[in-house]
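What follows is each chain in one-letter form.
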Amino acid sequence: MPSLPLRVSAIALLSALAACAGHMEAHHGQHDMAAMAPSPTIGAQAQADVINAQGAKIGHALFREGPRGVVVMLEFNPRALTPGWHGAHIHQNGDCSDFAAGFQAAGAHMGHPEAGGTHGLLNPKGPEDGDMTNIFVADTDGPFAAELLAHGATLGAMGHGHHNAPLLGPKGAALVIHANADDHLSQPIGGAGARIACAALKP
Ligand SMILES: [Cu+2]
């Protein structure tokens, strides 16, 4: 683990453990404990360039782990994406190398149907671990940014508790931005269309 691009704060870890112990006292339940266990890598960070379908860098992605998922901060150059809504998901492979072929190497969503998942934040049978809210790009000549929560992700190498998509596991992970909005319901990707940008996290 020391070679991973992670910075784990010992203080954050201790306070997380303290919160954990307090919770266990309050509820005494093994099941509750498993459900509420905070991530062991809380406070960890990782970052990656966002590239477009020409392979050019168009922005930056910062991933920061909190107790209920990974907060993804995206910052883009002017005109990096077409105006309008764009779906964004965590895909299962940290590989954005085949940009000319539409980023297929990034694979399916984290927690895809093979792993028992069903797509959609608004789907009663969903969501997959990699599902996130859309971003909206205004028609502007300036830089722009967005922040998303990867609710089912951890920056650890192992899944744990409710966070069962390890972004820095053996295959890494990729943030993929799509051409159109995700309707959070239809299968398999909410009708979000082509993959237009990608940021790879490698283990
Ligand atoms: Cu996607």
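Worth saying up front: this structure is predicted, and the values here are computed from it rather than measured.

Criteria and cut-off values
Residue numbers run consecutively from 1 along every chain, following the written order of its sequence. Local features in this predicted model are restricted to residues of pLDDT 70 or higher, and side-chain atom pairs are both shown and tallied only at a pLDDT of 80 or more, whereas totals for entire chains, interfaces and linings draw on every residue. The side-chain numbers reported here are obtained from all heavy atoms of the structure, hydrogens and water having been left aside. Note that a disulfide, as used here, is simply two cysteine sulfur atoms within 2.5 Å. Going along the chain from the N terminus, every DSSP run of H or I of four or more residues is numbered as a helix, and every run of E of two or more is numbered as a strand. Residue exposure (1.4 Å probe, protein chains only): buried if accessible area is under 20% of the type maximum, exposed if over 50%, otherwise partly exposed. Any N, O or S atom lying within 2.8 Å of the metal counts as a donor, with the limit raised to 3.2 Å for Na, K and Ca; because water is left out of the atom set, some sites can appear incomplete. Four donors are marked tetrahedral only if all angles between them lie between 85 and 135 degrees, whereas four are marked square planar and six octahedral if opposite donors are more than 155 degrees apart and the other angles lie between 65 and 115; the remainder are marked irregular. Residues grouped as a nonpolar core are buried Ala, Val, Leu, Ile, Met, Phe, Trp, Tyr and Cys residues, joined through side-chain atoms within 4.5 Å. Should any heavy atoms of two residues lie within 4.5 Å, those residues are considered in contact.

Student: For the state of the cysteines, give the residues involved together with the corresponding values.
Tutor: With the rule as written, the count across this model stands at one disulfide. What pairs with Cys96 in a disulfide is Cys198, and their sulfur atoms sit 2.0 Å apart. Since a negative S-S torsion denotes a left-handed disulfide, the Cys96-Cys198 link at about -70° is left-handed. Taken together, the residues Cys96 in the loop between strand E5 (88-91) and strand E6 (135-137) and Cys198 in strand E11 (residues 195-201) connect sequence positions 102 residues apart. When its relative accessible area of 0% is taken as the criterion, Cys198 is described as buried.

Student: An account of the coordination of the copper ion is requested, with residue identities and associated values reported.
Tutor: By definition of the ideal shapes, four donors in a tetrahedron about a metal sit 109.5 degrees apart, and six donors in an octahedron sit 90 or 180 degrees apart. Every protein donor of the copper ion is listed here as His89 (ND1), His91 (NE2), His109 (NE2) and His178 (NE2), and their distances to the metal cover 2.0 to 2.8 Å. With four donor atoms in place around the copper ion and angles of 72 to 135° between them, the coordination shape is irregular. When the donors of the copper ion are listed by position in the chain, the intervening gaps give H-x1-H-x17-H-x68-H. With His89 in strand E5 and His109 in the loop between E5 and E6, the pair connects residues that are 20 residues apart, well separated along the chain. Taking relative accessible area as the criterion, His89 reaches 0% and is therefore assigned buried. You can call His109 buried: its relative accessible area is 3%.

Student: Quick one: what's the story with the nonpolar core, residue by residue and with numbers?
Tutor: Ranked by internal contacts, the top residues of the largest apolar core, which has 34 residues, are Phe63, Phe76 and Leu167. Residue assignment for this core shows that the elements contributing at least two residues are strand E1 (45-52), strand E2 (57-66), strand E3 (69-76), E5, E6, strand E7 (144-150), strand E10 (173-178) and E11. In this structure Leu167 touches Phe63, Val70, Ile90, Met110, Ala153, Thr154, Leu155, Gly156, Gly172, Ala173 and Leu201, once residues within four positions along its chain are discounted. With eight residues, the next largest nonpolar core counts Ile51, Cys96, Ala106 and Val176 among its residues.

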